[in-house]
Amino acid sequence: MPLPSTIGADSTATPLLAVRSLQVTLTLPDGTIRPVDHIDLAVDEGETLCLVGESGCGKSLAALAILGLLPRPYGSISDGSVRFRGAELAGESEARLRKVRGREIGLIFQEPQSALNPVIKVGAQVMEAVRAHGGSSRAEARAKARALLAEVGLPAPEERMHAYPHELSGGMRQRVCIAIALAGDPRLLIADEPTTALDVTVQAQILGLLADLRCKRGMGLLLITHDLALVAQMADRVAVMYAGRIVETGSVTELFAAPRHPYTRGLLDSLPDRRTDRAGEPLRAIAGTVPSPDKLPSGCRFRDRCAWATAKCAAVDPEPTPIPPASEHLVACHHPFRRGSEPRGDAAIDEKERE
Ligand SMILES: Nc1ncnc2c1ncn2[C@@H]1O[C@H](COP(=O)(O)OP(=O)(O)OP(=O)(O)O)[C@@H](O)[C@H]1O
Ligand SMILES: [Mg+2]
């Protein structure tokens, strides 16, 4: 079935990143799985898109697919397209993808420790990244590395250039990784759970830094997280992922004010500060777990965990459908919530609402 032609970003301009109908296949000894199954995403210049969902939804594989970093030889893009500034990346050669990574798209992982080489001083690692992206001399690379380390707020950058990764705190290591990601002056930064390994105060500092950098450099930011509190703080738009699919996309304001998908609503209900009306009650996490890609139910993948599922949900896989008046807000559910109410157990989005 055809998917809507645009999701989210302004349809009149070419988005910085446009992912259309992306499918990832892993060919494993026990069989073939499709942990990312026809997803659409778009990120504009200067915009933060948060990709959110529970563990195992396919968020990291989606990011790796965009960057051409799927595990080899068993991982591949089996359908769809990944366009960066209008140019197709899916199926591109490793040589071309290597140029895109770092120079046009920067990447930050969850664990700064494993992203750095433990036996090379951090200054040299940032210099190496700078030199990999342009023909700068050693002195120029050194000056740029120092400037980058200052830009990411590493205290006493000149001295710290001589430190080994283990001599830095987790937060400082993540700052170094961000400096490395910025070395090629990318237009898009992809950050996969960049603060999960850090304590809460440091998390806030790193998020503040990412927000500042995005704003100052006018980059797009694709921020992957399972933490909706972080989404509220950082996102312009949000894509909610469940079991390999995007189940809801919209502006952060719209999505938090009027979540339409029961999964989004469930995630939001587990946020403490949204529940002041129910103070004292335990947090309502969504019962059950995400199905693994080899054990997906028929129809809607969320139906086993959904209080509103009907026979239609077991029979028909719901497609992302725009919700008027904000055509940027899409939901893949047969019985989406109306604004602020319980979902209907009858038809999909009703015709009046469609107009
Ligand atoms: N290398 C692999 N081999 C086999 N299965 C994999 C591999 N990588 C991912 N998967 C499976 O694909 C699904 C999606 O994984 P992915 O790592 O993308 O999830 P995620 O949303 O990033 O989760 P998390 O929040 O825990 O990082 C999971 O069911 C996972 O078990
Ligand atoms: Mg992940």
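Structural data are supplied above this passage.
Residues numbered from 1 in each chain as written. Chains lettered and ligands numbered in written order. Predicted model: local features only at pLDDT ≥ 70, side-chain atom pairs only at ≥ 80, totals over all residues. Heavy atoms only, no water.

(A) Structural detail: the overall build of the protein. When its secondary structure is counted, the protein shows 13 helices and 12 strands. With 355 residues in all, the protein has 51% of them scored as buried. The long-range share in the protein, meaning contacts at least 24 apart out of those at least 6 apart in sequence, stands at 63%. Total accessible area on the protein stands at roughly 15700 Å², and carbon and sulfur atoms take up 53% of it. (Helix = DSSP H or I, 4+ residues; strand = E, 2+ residues; numbered from the N terminus. Buried < 20%, exposed > 50% of the residue type's maximum accessible area, 1.4 Å probe, protein only. Contact = heavy atoms within 4.5 Å. Areas by Shrake-Rupley, 256 points an atom, 1.4 Å probe, with all protein chains shown as cover.)

(B) Structural view of the site of ligand 1. The local shell around ligand 1 holds 14 residues, among which Ser55, Gly56, Lys59, Ser60 and Leu61 are the closest. Between ligand 1 and Cys57 there is a distance of 3.1 Å, counted from an oxygen atom to a backbone nitrogen or oxygen. Every element with two or more residues in the shell around ligand 1 is listed here: strand E1 (17-28) and helix H1 (59-66). Broken down by element, the shell around ligand 1 gets its largest block of residues, three residues, from H1. Across the shell around ligand 1, the residue classes break down as seven nonpolar, four polar and three charged. (Near = heavy atom within 4 Å. Polar contact = N/O pair within 3.5 Å; in protein donor to acceptor, adjacent residues only side chain to side chain. Nonpolar A, V, L, I, M, F, W, Y, C, P; charged D, E, K, R; others polar.)

(C) Representation of the sheet that holds strand E7 (residues 188-192) within the structure. Pairing within the open sheet is mixed, and its eight strands lie in the order E6-E7-E8-E3-E9-E10-E12-E11. Single-partner strands in this sheet number two, and they are strand E6 (105-108) and strand E11 (321-322). Both strand E10 (residues 245-251) and strand E12 (residues 330-331) contribute to a ladder of two bridges, which runs antiparallel. Looking across to E12, one finds that Glu248 is bridged to Val331. Of the strands in this sheet, strand E3 (48-52), E7, strand E8 (220-225) and strand E9 (237-242) touch H1, which is tilted by about 150° from E8. (Pairing = 2+ DSSP bridges. Axes fitted to C-alpha atoms, helices over the stretch in contact; angles between N-to-C directions.)

(D) Representation of the nonpolar core. Ranked by size, the top nonpolar core spans 97 residues in total, and within it Leu17, Ile39, Ile178, Ile190, Val231 and Tyr263 carry the most contacts. In terms of residues, this core owes the most to one element, helix H7 (residues 170-182), which gives seven residues. When near neighbours in sequence (up to four residues on either side) are disregarded, Ile39 contacts Val19, Arg20, Ser21, Leu22, Ala62, Met241, Gly244, Arg245 and Ile246. (Core = buried A, V, L, I, M, F, W, Y, C linked by side-chain atoms within 4.5 Å.)

(E) Examining the side chain of Gln203 more closely. The residue Gln203 is located in helix H8 (residues 200-217) in this model. Within the structure, the side chain of Gln203 is placed 3.2 Å from the backbone oxygen of Thr195, a separation counted as a polar contact. Among all residues touching Gln203, those that are not within four sequence positions of it are Thr195 and Leu198.

(F) Looking closely at the sheet that holds strand E5 (residues 87-88). Sheet architecture is open: four strands sit in the order E2-E1-E4-E5, paired in antiparallel fashion. Both edges of this open sheet fall to strand E2 (31-43) and E5, since each of them pairs with a single strand only. With eight bridges connecting them, E1 and strand E4 (residues 75-84) associate as antiparallel partners. Considered in E4, the bridge of Leu26 is made with Gly75. Each of E1, E2 and E4 is contacted by H1, which is oriented at about 110° to E1, the strand it contacts most.

(G) Inspection of the environment of Gly56 at higher detail. By the element assignment, Gly56 lies in the loop between E3 and H1. Considered as a pair, Gly56 and Pro293 are 237 residues apart in the sequence and their alpha carbons are 8.8 Å apart.

(H) Main features of the packing of helix H4 (residues 122-133) against helix H5 (residues 138-151). Orientation of H4 relative to H5, taken along the N-to-C sense of each, is 115°, at an axis distance of 8 Å. Classified by the angle between their axes, H4 and H5 sit roughly perpendicular to one another. Every pair of crossing elements has a handedness; the one defined by H4 and H5 is right-handed. Only Arg138, Ala141, Arg142, Lys144, Ala145, Leu148 and Leu149 of H5 make contact with H4, whose side of the interface consists of Gly123, Val126, Met127, Val130 and Arg131. The residue makeup of the contact of H4 with H5, split by class, is seven nonpolar, one polar and four charged. (Parallel < 35°, antiparallel > 145°, perpendicular 65-115°, else oblique. Left-handed = near helix turned anticlockwise from the far one by under 90°.)

(I) The arrangement of the packing of aromatic side chains in detail. Applying the stated criterion to the full structure yields four aromatic pairs. With centroids separated by 5.1 Å and ring planes inclined at 85°, the aromatic side chains of Tyr242 and Phe302 adopt a geometry described as edge-to-face. One end of the pair, Tyr242, is in strand E9; the other, Phe302, is in the loop between helix H11 (262-269) and helix H12 (311-315), and 60 residues separate them in sequence. The exposure class of Phe302 is buried, given its relative accessible area of 3%. Through successive ring pairs, a cluster of aromatic residues spans Tyr242, Tyr263 and Phe302. Here the basic side chain of Arg265 rests over the ring of Phe337, its NZ or CZ set 4.1 Å away from the ring centre. (Phe/Tyr/Trp six-rings, centres within 6.5 Å; stacked < 30°, edge-to-face > 60°. Lys NZ or Arg CZ within 6 Å of the ring centre and 35° of its normal.)

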